[in-house]
Amino acid sequence: MNARSAVQTRPATATSQAQASLSASVRTIGRYVLALVYVGFVLAPLLYMLSVALHDAATAGAGPILPHPVHWQTFREMWSTIPLLTYIKNSLLIAICAGAIAAILGMGCGYVVGRFRFRFREPFRIALLATYLTPGVLVLLPLYVIYVVIQRTLHVTLIGGYGIVIITYLTFALPFAIWMSSVYIASLPAELEEAALVDGATRLQALRYVVLPLALPGLVVAFIFSFLHAWNDVLFASVLTSPATRTLAVGLQYYAAQNYAFPLWNQLMGASLVSAIPAVVLFFFVQRYIVQGLAAGSLKG
């Protein structure tokens, strides 16, 4: 009787195993299909931009999708049509300075907000996010008027220089950096600092040698977001920069300016692809820190 039950159980077991294996295979195939669809969705705009860039000026955007013949000269011509290299240097200088200052100052202020309890602490943190989320168009005119008044009062030149653009970007980047750093520092165990203080370290030494190495992912995330905000901005850069300090995001529009017989769409697409390289390279080198920083920031706030 037991032998007959065992014989009947084996086919059922084999059938359930086959069904489980088939279900796992279907789920795996489904994940791969979804991944391919997502990759195609991400790459489609880039591939179209590359296709337009490889057309000549007469057929770009109006001819067939695939270029024939391939116009490789676009990637050489775009550097002489406008001072593209100057715009890239200006954007890198402004974005790196704004990101570094925001990350460093944000770490110091975020340490105070994340570690100490004081009056109006939570309203202050909410105000930081509210400042970061304020639309730039609402503060553009007030800031411009303030800068003009300062110029006339002190007889100095602010508008058109690098410094005033960096300071303007800090008005948005610094609140986010403080909030991000405070969230990350709050997730770190306070016992490590207490042990350093017991061993005779000052609060500044504990911040430098204990907290800062552990908070490096949060520092990198703050820098990346501040960098990208300055790198992609058009609104403030179009008003506060001069021809000598103009950034890449503003300079790209001159490929389609009215002083040409027709827009140079191929050069615009080629320059747009080149403008994405610094951000892609930056993400490639610091992606590990970004994941750690965002993961830690989502656990405790």
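Residues numbered from 1 in each chain as written. Predicted model: local features only at pLDDT ≥ 70, side-chain atom pairs only at ≥ 80, totals over all residues. Heavy atoms only, no water.

A.B. asks: Any chance you could explain the packing of aromatic side chains here in plain terms?
C.D. replies: The relation between two aromatic rings is expressed through the spacing of the ring centres and the mutual angle of the planes. Scanning the model with the defined rule gives 8 aromatic pairs in all. With 6.0 Å between their ring centres and 35° between their planes, F223 and F227 make a pair best called tilted. Of this pair, F223 and F227 both sit in helix α9 (residues 216-232), 4 residues apart, which is roughly one turn of that helix. Considered together, F223 and F227 belong to a single accessibility category, that of buried residues. (Phe/Tyr/Trp six-rings, centres within 6.5 Å; stacked < 30°, edge-to-face > 60°. Helix = DSSP H or I, 4+ residues; strand = E, 2+ residues; numbered from the N terminus. Buried < 20%, exposed > 50% of the residue type's maximum accessible area, 1.4 Å probe, protein only.)

A.B. asks: For this particular structure, what's the right way to read unusual backbone geometry?
C.D. replies: With the exception of glycine, the majority of residues adopt a negative phi angle, and the majority of peptide bonds are in the trans configuration. At F120, a position not held by glycine, the phi torsion is positive, near 65°. Looking at where F120 falls in the secondary structure, it is placed in the loop between α3 (84-115) and α4 (121-133). Phi at H155 takes a positive value of approximately 55°, unusual for a residue other than glycine. Inspection of the secondary structure assignment puts H155 in the loop between α5 (136-154) and α6 (162-186).

A.B. asks: Any chance you could explain the nonpolar core here in plain terms?
C.D. replies: Burial of nonpolar side chains together is a common tendency in soluble globular proteins. With 55 residues, the main nonpolar core has L84, Y169 and Y255 as its most contacted residues. Looking at which domains feed residues into this core, each of domain 1 (2-53) and domain 2 (80-299) supplies at least three. (Core = buried A, V, L, I, M, F, W, Y, C linked by side-chain atoms within 4.5 Å. Domains from an automatic or database assignment.)

A.B. asks: Explanation requested: the pattern of salt bridges in the structure shown.
C.D. replies: Side chains that carry opposite charge are capable of pairing whenever their charged atoms lie near each other. Enumeration according to the criterion identifies 4 salt bridges in this entry. As a salt-bridge pair, E122 and R125 come within 3.8 Å of each other at their nearest N and O atoms. One end of the pair is E122 and the other is R125, both in helix α4 and 3 residues apart, which spans about a single turn. When its relative accessible area of 7% is taken as the criterion, R125 is described as buried. Across the salt bridge formed by R203 and E193, the nearest N and O atoms sit 3.6 Å from each other. Here the residue R203 occupies a position in helix α8 (residues 203-214), and E193 occupies one in helix α7 (residues 190-198), the gap between them amounting to 10 residues. (Salt bridge = Lys/Arg side-chain N within 4 Å of Asp/Glu carboxyl O.)

A.B. asks: Before we go on, may I ask you to explain the environment of D56 in this structure?
C.D. replies: Counting through the fold element by element, D56 comes out in the loop between α1 (2-53) and α2 (74-81). Once the C-alpha coordinates of D56 and H68 are considered, the two residues, 12 residues apart in sequence, prove to be 9.3 Å apart. The contacts of D56, once residues within four sequence positions are left out, are H71 and N266. (Contact = heavy atoms within 4.5 Å.)

A.B. asks: It is not clear to me how the packing of α6 against α9 should be interpreted in this structure. Could you clarify?
C.D. replies: Each packed pair of helices is defined by two parameters, the angle between the axes and the distance between the axes. Two elements in contact, α6 and α9, have axes separated by 9 Å at closest approach and are oriented at 160°. Here α9 runs roughly antiparallel to α6, going by the angle between their axes. Relative to α9, the crossing made by α6 is right-handed. In contact with Y169, F172, A173, F176, A177, M180 and Y184 of α6, α9 contributes P217, G218, V221, A222, F225, S226, H229 and A230. Along the lines of polarity and charge, the residues of the contact of α6 with α9 split into 12 nonpolar, 3 polar and no charged. (Axes fitted to C-alpha atoms, helices over the stretch in contact; angles between N-to-C directions. Parallel < 35°, antiparallel > 145°, perpendicular 65-115°, else oblique. Left-handed = near helix turned anticlockwise from the far one by under 90°. Nonpolar A, V, L, I, M, F, W, Y, C, P; charged D, E, K, R; others polar.)

A.B. asks: Looking at this model, I keep getting lost on the packing of α5 against α6. Mind explaining?
C.D. replies: As a packed pair, α5 and α6 sit with axes 12 Å apart at the nearest point and diverge in direction by 140°. Of the possible angle classes, the one that applies to α5 and α6 is oblique. Two packed elements cross with a definite hand, and for α5 against α6 that hand is right-handed. Listed contacts from α6 to G136, V139, L143 and Y147 of α5 are I164, T168 and F172.

A.B. asks: Explain the side chain of Q151 here, please?
C.D. replies: For Q151, the position within the fold is in helix α5. Its relative accessible area of 18% is what places Q151 among the buried residues.

A.B. asks: Would you take a moment to explain a nonpolar patch on the surface for this structure?
C.D. replies: Together, Y38, V39, F41, V42, L43, L46 and L47 give the surface a local cluster of nonpolar side chains, amounting to about 720 Å² of exposed area. One can find L43 in helix α1. (Patch = residues over 30% accessible without salt bridge, like charges linked within 9 Å, V, L, I, M, F, W, Y side chains within 5 Å. Areas by Shrake-Rupley, 256 points an atom, 1.4 Å probe, with all protein chains shown as cover.)

A.B. asks: Please clarify how the side chain of N90 should be interpreted in this entry.
C.D. replies: Of note, N90 is situated in helix α3. With residues up to four places along the chain from it excluded, the contact list for N90 reads Y162, A244, T245, R246 and T247.

A.B. asks: Explanation requested: the environment of G110 in the structure shown.
C.D. replies: By the secondary structure assignment, G110 is in helix α3. A C-alpha to C-alpha distance of 6.3 Å links G110 and W179, two positions 69 residues apart in sequence. In contact with G110, not counting residues within four places along its chain, are I178, S181, S182 and I185.

Any functional reading would require information that these geometric values do not contain.
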